[in-house]
Every structure is written in structure tokens, then in C-alpha cells.
Amino acid sequence: MTHTELSRLLEQVIKSVQDYPKPGILFRDVTSLMQDGAAFAAVIDHLKQHYSGHGITKIVGTESRGFIFGAPLAYAMGVAFVPVRKPGKLPRETIAESYQLEYGQDTLEIHLDAIAPEDKVLLVDDLLATGGTIDATTKLVRRLGGQVTDATFVVNLPDLGGQLRLEALGLTIHSLVDFPGH
Ligand SMILES: O=P(O)(O)OC[C@H]1O[C@H](OP(=O)(O)OP(=O)(O)O)[C@H](O)[C@@H]1O
Ligand SMILES: Nc1ncnc2[nH]cnc12
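Treat the numbers as computed from the prediction; the structure is a model and nothing was measured.

A. The arrangement of the site of ligand 1 in detail. Taken together, 16 residues lie near ligand 1, and Ser64, Asp125, Asp126, Thr130 and Thr133 sit nearest. Within the contact set of ligand 1, an oxygen atom lies 2.7 Å away from a side-chain nitrogen or oxygen of Ser64. Side-chain polar atom of Lys86 to an oxygen atom of ligand 1: 2.8 Å apart, as the coordinates give it. For ligand 1, the accessible surface in isolation is 500 Å², of which the surrounding protein chains cover 89%. Within the residue set of the shell around ligand 1, elements represented by two or more residues are strand S7 (120–128) and helix H5 (132–143). Looking at which element gives the most residues to the shell around ligand 1, the answer is S7, with four residues.

Here is the structure:
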């Protein structure tokens, strides 16, 4: 399946919910994509192919929807998966970064021993909005000495500016479908 064909499929299977979780937010719901096994597999297969030969050693996925795409991609690529979690969820020693969301503020944590300096890390999340989540995740991985050059998303909301924000951090962004507006 080409990137264009996959984009068209994702436009059809990802449902939109007006005013969730707050008035004014148009929520792009990837659970409707996961309910379609062929579409879910097409996403993972595409990303595996896209990143083959990039020398990726670890995938970092951000709680919670980043786990849904990051873990199967890590399995498919035969590399490690590292979860970045919301506060107080990781049992061993962590470092933390706070960030702004489209609809709130939060903190993310990573285990101190999860990244080694030689690691080449791919960041995975379901959706790119303002970029705050992956900005914070990039900082966590870089503080541990990991190399981060790429981040991938199923959905990009280009009008929220996340892609430009992450490109300013030196990341190359690959996303599968763009939805205009907020
Ligand atoms: O680009 P940003 O403006 O940071 O927004 C995108 C982030 O927001 C959502 O996660 P959320 O924090 O709602 O958590 P969830 O995955 O646990 O639902 C989404 O899954 C991304 O991680
Ligand atoms: N509009 C949106 N839809 C789904 N998840 C989101 N995370 C941040 N903004 C979002």
C-alpha cells in the first residue's frame, strides 16, 4: 500500500468526536482504527518498512496511546521498546519533564537506565498536536544521552504547529494522515 493509499484509508477509519474531552476540541479517535485489524496491520507494516535501514535500536512510546503503536512496531522491527509514563507509574529511578497539552498540563517520566548513549531512538505516538508531549519525550531521551533524530505519528494536526516545533529540535517527522483544523 502506498503512503497516499494508507492516508485515504486512515481518513476513513479514524472517527472524529466534536467537543471531546472539552468544548472546542475535535478529537481524532484512533481506537476506531485499531478496531480494523487490516488497517492496524497496514500502519505497523508501513512504519516497519519506512524505518528499515535507519539503524534504530530502541523505540520510545509515550503513555498511553504511544504504547499502542510503539510496542507492535518495536516487535516487528526486532528492537527494544521503552515506555515514557505519566508520574508515579514507573517503579525504579526516573527523570521527569513537564509539558503543556492542547487541553491541559502534565509531566512525563522515563527510567534512568532505559537509554544508553549509543542508542538511536525512534519516538512513536498516535497523534501530533502542539508537539508538547514529544518535545518533553525528546528532552528525556537526550538527557539520558540517547540520539533522537526521528519521530513518527499516525495522525498529524498541522494547524497546531507541532511539526514545526519538533523540527526546530532537529527531528524529522513522518506521519500517515493530516487532519486540518483543531
Ligand atoms: O502534541 P501534543 O499537543 O502534545 O498532543 C498529543 C498527545 O496528546 C494525546 O495524549 P494524552 O496526553 O491525551 O494522553 P493519552 O494518550 O493517555 O490519552 C496524544 O496521544 C498525544 O500523546
Ligand atoms: N485533537 C486531538 N484528538 C485526539 N487526541 C489528541 N491529543 C491532543 N489533541 C488531540
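Still to come is the rest of the account.
B. The nonpolar core, seen in detail. The biggest cluster of nonpolar side chains holds 30 residues, and the ones touching the most others in it are Leu10, Ile14, Leu33, Val43, Ile59 and Val155. Put simply, the parts of the chain that give this core at least two residues each are helix H1 (3–13), helix H3 (37–51), helix H4 (65–77), S7, strand S8 (147–156) and strand S9 (172–178). Leaving out residues up to four positions away in the same chain, Ile59 has contacts with Gly70, Leu73, Ala74, Met77, Val79, Ala80, Phe81, Val82, Leu122 and Val124. If you look at the next biggest cluster of nonpolar residues, it comprises 23 residues, including Tyr99, Val148, Ala151 and Phe153.

C. Inspection of the packing of H1 against H3 at higher detail. Close contact between H1 and H3 brings their axes to 11 Å; oriented N to C, the two are set at 145°. At the point where H1 passes H3, the crossing takes the left-handed sense. Contact residues: H1 offers His3, Leu6, Leu9, Leu10 and Val13, while H3 offers Ala39, Ala42, Val43 and His46.

D. Region of interest: the packing of aromatic side chains. By the definition in use, this model includes three aromatic pairs. Ring plane angle 85° and centroid distance 5.0 Å describe the contact between Tyr20 and Phe27, whose orientation is recorded as edge-to-face.

E. Quick peek at H1. Restricting attention to buried positions, one finds in H1 the residues Leu6, Ser7, Leu10 and Val13. Down the axis of H1, the buried set is contained in an arc of 135°. They therefore lie on one face. Along its buried surface, H1 packs onto strand S1 (15–18), helix H2 (31–34), H3, S8 and S9.

F. Examining the pattern of salt bridges more closely. Under the counting rule described, the total for this entry stands at eight salt bridges. Where Glu11 meets Arg8, a salt bridge forms, and the shortest distance between an N and an O atom there is 4.0 Å. Here Arg8 and Glu11 lie together in helix H1, a separation of three residues that amounts to about one turn. On the basis of relative accessible area, Arg8 is assigned to the partly exposed category, the value being 48%. Of the charged contacts in the structure, one is a salt bridge between Asp113 and Arg92, with a shortest N-O distance of 2.6 Å. Here Asp113, found in the loop between strand S6 (104–111) and S7, pairs with Arg92, found in the loop between strand S4 (80–84) and strand S5 (94–101); they are 21 residues apart in sequence, far enough to count as distant.

G. Looking closely at the sheet that holds S8. Spatially, five strands are ordered S4-S3-S7-S8-S9 in an open sheet, and the strand pairing comes out parallel. Two strands bound the open sheet, and with one partner strand each, they are S4 and S9. Strand-to-strand twist across the sheet, computed as the mean angle between neighbouring axes with direction ignored, equals 20°. Sheet analysis places S7 next to S8, joined by eight bridges and oriented parallel. Within S8, the position partnered with Leu127 by the bridge is Val155. Helix-sheet contacts for H3 involve S7, S8 and S9, and the interaxial angle to S9 is about 155°. With respect to the sheet, H5 is in contact with strand S3 (58–62), S4, S7 and S8, its orientation differing from that of S7 by roughly 165°.

H. Here's a closer look at H4. With 13 residues, H4 extends 19 Å between its outermost C-alpha atoms, agreeing within 8% with the 18 Å of an ideal straight helix rising 1.5 Å per residue. Looking only at H4, the buried set comprises Gly66, Phe69, Gly70, Leu73, Ala74 and Met77. The buried residues of H4 all sit within an arc of 130° when viewed along its axis, so they share a single face. Residues of H4 that are buried make contact with H2, H3, S3, S4, S7 and S8. Looking one or two residues beyond H4, the residue adopting positive phi is Gly78, at roughly 70°.

Conventions used here
Residues numbered from 1 in each chain as written. Chains lettered and ligands numbered in written order. Predicted model: local features only at pLDDT ≥ 70, side-chain atom pairs only at ≥ 80, totals over all residues. Heavy atoms only, no water. Near = heavy atom within 4 Å. Polar contact = N/O pair within 3.5 Å; in protein donor to acceptor, adjacent residues only side chain to side chain. Areas by Shrake-Rupley, 256 points an atom, 1.4 Å probe, with all protein chains shown as cover. Helix = DSSP H or I, 4+ residues; strand = E, 2+ residues; numbered from the N terminus. Core = buried A, V, L, I, M, F, W, Y, C linked by side-chain atoms within 4.5 Å. Buried < 20%, exposed > 50% of the residue type's maximum accessible area, 1.4 Å probe, protein only. Contact = heavy atoms within 4.5 Å. Axes fitted to C-alpha atoms, helices over the stretch in contact; angles between N-to-C directions. Left-handed = near helix turned anticlockwise from the far one by under 90°. Phe/Tyr/Trp six-rings, centres within 6.5 Å; stacked < 30°, edge-to-face > 60°. Arc of directions from axis to C-beta. Salt bridge = Lys/Arg side-chain N within 4 Å of Asp/Glu carboxyl O. Pairing = 2+ DSSP bridges. Expected span 1.5 Å × (residues − 1).

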